[in-house]
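One-letter residues, chain by chain:
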Amino acid sequence: MIGRLNHVAIAVPDLEAASAQYRDTLGAKVGSPQDEPDHGVTVVFIELPNTKIELLHPLGEGSPITAFLEKNPSGGIHHVCYEVEDILAARDKLQATGARVLGDGNPKIGAHGKPVLFLHPKDFTGTLVELEQV
Ligand code: CO
């Protein structure tokens, strides 16, 4: 059911420093910061030949990234995103197995303008999983 790895998201305490490290030290193609108020994050996309890295930084009150950075002050891998062809079919199939979808269970529009859902990390070996319809 899942397809390509769309991105790995890394929460970072300093977006500018992390962007500079990927651009200057690692030599990657680093985009500009984008505010995503619906998700409580500012995002920087890094394009690699086979996938993307998404740097995440808290935006506004109650950002889901704030608590993560309190537990992981130097940053850390926050989620992985897998592509699916039909997000509602994927959701229904996963929920039928008992997997929990975060939020109200309905897809939101993600940072790439496509529908996304998040799956509970306790149901997926301790990893927050994002599904993106492509
Ligand atoms: Co993501």
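Everything numeric here is computed off the predicted structure, so don't read it as measured data.

Cut-offs applied
- Residues numbered from 1 in each chain as written.
- Predicted model: local features only at pLDDT ≥ 70, side-chain atom pairs only at ≥ 80, totals over all residues.
- Heavy atoms only, no water.
- Core = buried A, V, L, I, M, F, W, Y, C linked by side-chain atoms within 4.5 Å.
- Buried < 20%, exposed > 50% of the residue type's maximum accessible area, 1.4 Å probe, protein only.
- Helix = DSSP H or I, 4+ residues; strand = E, 2+ residues; numbered from the N terminus.
- Contact = heavy atoms within 4.5 Å.
- Donors = N, O, S within 2.8 Å, 3.2 Å for Na, K, Ca; no water.
- Tetrahedral: all angles 85-135°; square planar, octahedral: opposite > 155°, others 65-115°.
- Arc of directions from axis to C-beta.
- Pairing = 2+ DSSP bridges.
- Salt bridge = Lys/Arg side-chain N within 4 Å of Asp/Glu carboxyl O.

Undergrad: Even after reading the chapter, I still don't get the nonpolar core, so can you show me in this structure?
TA: Proteins that are soluble and globular tend to have nonpolar side chains buried together. Judged by nonpolar contacts, the single largest core of 23 residues is most densely connected at I10, Y22, I46, I53, L55 and L131. Elements with a minimum of two residues in this core: strand 1 (5-11), helix 1 (15-25), strand 4 (41-47), strand 5 (52-58), strand 6 (76-84), helix 3 (87-96), strand 8 (115-119) and strand 9 (129-133). Not counting residues up to four positions away in its chain, the partners in contact with I46 are Y22, A28, K29, V30, T51, K52, I53 and L55. Within the second largest apolar cluster, 9 residues are counted, among which are F45, L56, I65 and F68.

Undergrad: How should the coordination of the cobalt ion be read in this particular structure?
TA: Any two of four tetrahedral donors ideally make an angle of 109.5 degrees at the metal, while pairs among six octahedral donors ideally make 90 or 180 degrees. Every protein donor of the cobalt ion is listed here as H7 (NE2), E54 (OE), H79 (NE2) and E130 (OE), and their distances to the metal cover 2.0 to 2.6 Å. The site at the cobalt ion holds 4 donor atoms, and with the angles between them running 90 to 172°, its shape is irregular. Sequence spacing of the donor residues for the cobalt ion, all on one chain, is H-x46-E-x24-H-x50-E. One end of the pair, H79, is in strand 6; the other, E130, is in strand 9, and 51 residues separate them in sequence. You'll find H79 and E130 in the same group, each marked buried.

Undergrad: Help me understand helix 3 in this model?
TA: At 3.6 residues per turn, the α-helix brings residues three or four places apart onto the same side. Every buried residue of helix 3 is accounted for by I87, A90, R91 and L94. For helix 3, the angular spread of buried residues about the axis comes to 100°, placing them on one side. Exposed and facing more than 90 degrees away from the buried side of helix 3 are K93 and A96. In the core, the buried residues of helix 3 are packed alongside strand 6, strand 8 and strand 9.

Undergrad: Help me out: how do you make sense of the environment of E36 in this one?
TA: With respect to the helices, strands and loops of the structure, E36 is situated in strand 3 (residues 34-36). E36 gets classed as buried once you look at its relative accessible area, which sits at 14%. C-alpha of E36 to C-alpha of G110: the two residues are 74 residues apart in sequence and 8.5 Å apart in space. Non-local contacts of E36, meaning those with residues more than four positions away in its chain, are made with V41, V43, L59 and A111.

Undergrad: What's the story with the pairing of strand 8 in this structure? I'm lost.
TA: On any regular strand, side chains alternate: one points to one face of the sheet, the next to the other face. As paired elements, strand 7 (residues 108-109) and strand 8 share 2 bridges and run antiparallel to each other. When the bridges of strand 8 are listed, K108 appears paired with V116. In this structure, the hairpin formed by strand 7 and strand 8 is closed by a connection of 5 residues, where G113 is found at a positive phi of approximately 75°. Alignment of strand 8 against strand 9, held across 4 bridges, turns out to be antiparallel. Directly across from L119, in strand 9, lies its bridge partner V129.

Undergrad: Even after reading the chapter, I still don't get the pattern of salt bridges, so can you show me in this structure?
TA: Pairing of side chains with opposite charge becomes possible as their charged atoms draw close. For the structure on display, the rule yields 5 salt bridges. D123 serves as the salt-bridge partner of R100, at 3.0 Å between the closest nitrogen and oxygen. Residue R100 is found in the loop between helix 3 and strand 7, and its partner D123 is found in the loop between strand 8 and strand 9; the two are separated by 23 residues along the sequence. Look at R100 and you get partly exposed, because its relative accessible area is 40%.

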